[in-house]
Amino acid sequence: MRTMTKRLTCALLAATLMGTGCASYDGRTGMETFGRGMLNLVLSPLMIAAGLAQGLAFLPYTLGMGLGELNKVLLQANAVSLDDSYKATFGVSVADQHVDQKTGDVYGQEGLYGRFKPEAIFEANRAFQRLLVSQGMKEDQARNYTLTGNYRYAWSRGHILLAVVYRHPGPQPFRAAAKQTGIVTTFRPDQRGWYEPYERDASGQAIDEVIDWAAMEYAVLRQDKLVATLMVLAAEAVKSGKRAPDYWPTERRWQAGETAAILQESADKVKRALPS
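Computed from a predicted structure; not experimentally measured.

Rules used in this analysis
Residues numbered from 1 in each chain as written. Predicted model: local features only at pLDDT ≥ 70, side-chain atom pairs only at ≥ 80, totals over all residues. Heavy atoms only, no water. Axes fitted to C-alpha atoms, helices over the stretch in contact; angles between N-to-C directions. Helix = DSSP H or I, 4+ residues; strand = E, 2+ residues; numbered from the N terminus. Parallel < 35°, antiparallel > 145°, perpendicular 65-115°, else oblique. Left-handed = near helix turned anticlockwise from the far one by under 90°. Contact = heavy atoms within 4.5 Å. Core = buried A, V, L, I, M, F, W, Y, C linked by side-chain atoms within 4.5 Å. Buried < 20%, exposed > 50% of the residue type's maximum accessible area, 1.4 Å probe, protein only. Salt bridge = Lys/Arg side-chain N within 4 Å of Asp/Glu carboxyl O. Arc of directions from axis to C-beta.

Trainee: Just checking my understanding: could you explain the packing of helix H7 (residues 119-134) against helix H9 (residues 224-240) for this structure?
Mentor: When two helices pack together, you describe them by how their axes are tilted relative to each other and by the distance separating the axes. Put simply, H7 and H9 touch, their axes get as near as 10 Å, and they point 55° apart. In terms of orientation, H7 lies oblique with respect to H9. Considering the relative orientation of H7 and H9, their crossing is right-handed. On H9, the residues that touch Ala124, Ala127, Phe128, Leu131 and Leu132 of H7 are Met231, Val232, Ala234, Ala235 and Val238.

Now the structure itself:
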């Protein structure tokens, strides 16, 4: 039965992601379809634990879960709680009357994420660092962890490459070659370019160690539950001490336009990890 479940899951994943590259940018993306399809499959606790261990790449699997179901899964896995994430990200508990208990959307707050708002990445990092501090990390240490995004194809294709990194300089300015122009530039925390990942600065010193990464459809970030889950998975990746050196060659391919292939590879991280 478990083997059959895995085969069904993998087949659905592959079929869905093949269509992701041509999905229209209206919020109804290939990954959303995949998430809804997961409602028709039974994921065993062992499969869920294996998926959570894959970090940000597990996000598609959470799209089809209701708020209560997802919260229960995270608690069973001894992960950072969804309640802590909602408090850090949206300033409310998951049980708050303004939170839709089915979809996880927070009523009465202006949507920031997945909507091409420059301030979203700033607020996302403040929320992420608040979450790390709520888990016992010191504030000065939390400032070394940054949520980054490569937005090269966010506007034209609706695809984004996200990564959580350990930033050696912390919240300090640094000089590095800009992603889009190659021109050496001084980046500061009040600039959006500061929130892209950089392997080395202009003098060759290491800037970022990538902890985890995932490629996805930009529009799915409009879902408050998904954003809160992303924070949980990013915090879990930090807690585990993992590193993802494969990000840098992947990003070079992303820059060259191989977004559809990388979306597939991101999803395949989970597929390979599912127990047989």
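Trainee: Can you walk me through the nonpolar core in this structure?
Mentor: Soluble globular proteins tend to bury their nonpolar side chains together. Counting residues in hydrophobic clusters, the biggest one holds 68 residues, and the most contacted among them are Leu82, Tyr86 and Phe128. Non-local contacts of Tyr86, meaning those with residues more than four positions away in its chain, are made with Leu67, Gly91, Val92, Ser93, Val94, Val99, Gly104, Val106, Asp224, Lys225 and Ala228. One finds Ala163, Val165, Trp254 and Ile262 within the second-largest nonpolar core, a separate group that totals 13 residues.

Trainee: Help me understand the pattern of salt bridges in this model?
Mentor: Pairing of side chains with opposite charge becomes possible as their charged atoms draw close. Going through the model one piece at a time under the given rule, you end up with 12 salt bridges. We note a salt bridge from Glu199 to Arg252, for which the minimum N-O separation is 3.8 Å. Of this pair, Glu199 sits in the loop between strand S4 (184-187) and strand S5 (208-217) while Arg252 sits in helix H10 (residues 247-255), and the two are 53 residues apart along the sequence. The class of Glu199 is partly exposed, set by a relative accessible area of 33%. The partner of Glu236 in a salt bridge is Lys239, and the shortest N-O contact between them spans 3.0 Å. Taken together, the residues span about one helical turn, with Glu236 and Lys239 both in helix H9 at a distance of 3 residues.

Trainee: Is there a simple way to think about H10 in this case?
Mentor: Think of an α-helix as turning once every 3.6 residues; residues three or four places apart then point the same way. Along H10, the residues that are buried comprise Tyr247, Trp248, Thr250, Glu251, Trp254 and Gln255. Angular distribution of buried residues about the axis of H10 spans 155°; they occupy a single face of the element. Tucked into the core, H10 has its buried residues touching strand S1 (145-150), strand S2 (159-167), S5 and helix H11 (259-273). Positive backbone phi, at 105°, marks Gly257, one or two positions downstream of H10.

Trainee: In this structure, what is going on with unusual backbone geometry? I would like to understand it.
Mentor: What is expected of a backbone is that most residues other than glycine have negative phi and most peptide bonds are trans. A positive phi angle, near 55°, is found at Asn78, a position not held by glycine. By secondary structure assignment, the location of Asn78 is in the loop between helix H5 (67-76) and helix H6 (82-90). The exposure class assigned to Asn78 is exposed, which follows from its relative accessible area of 65%.

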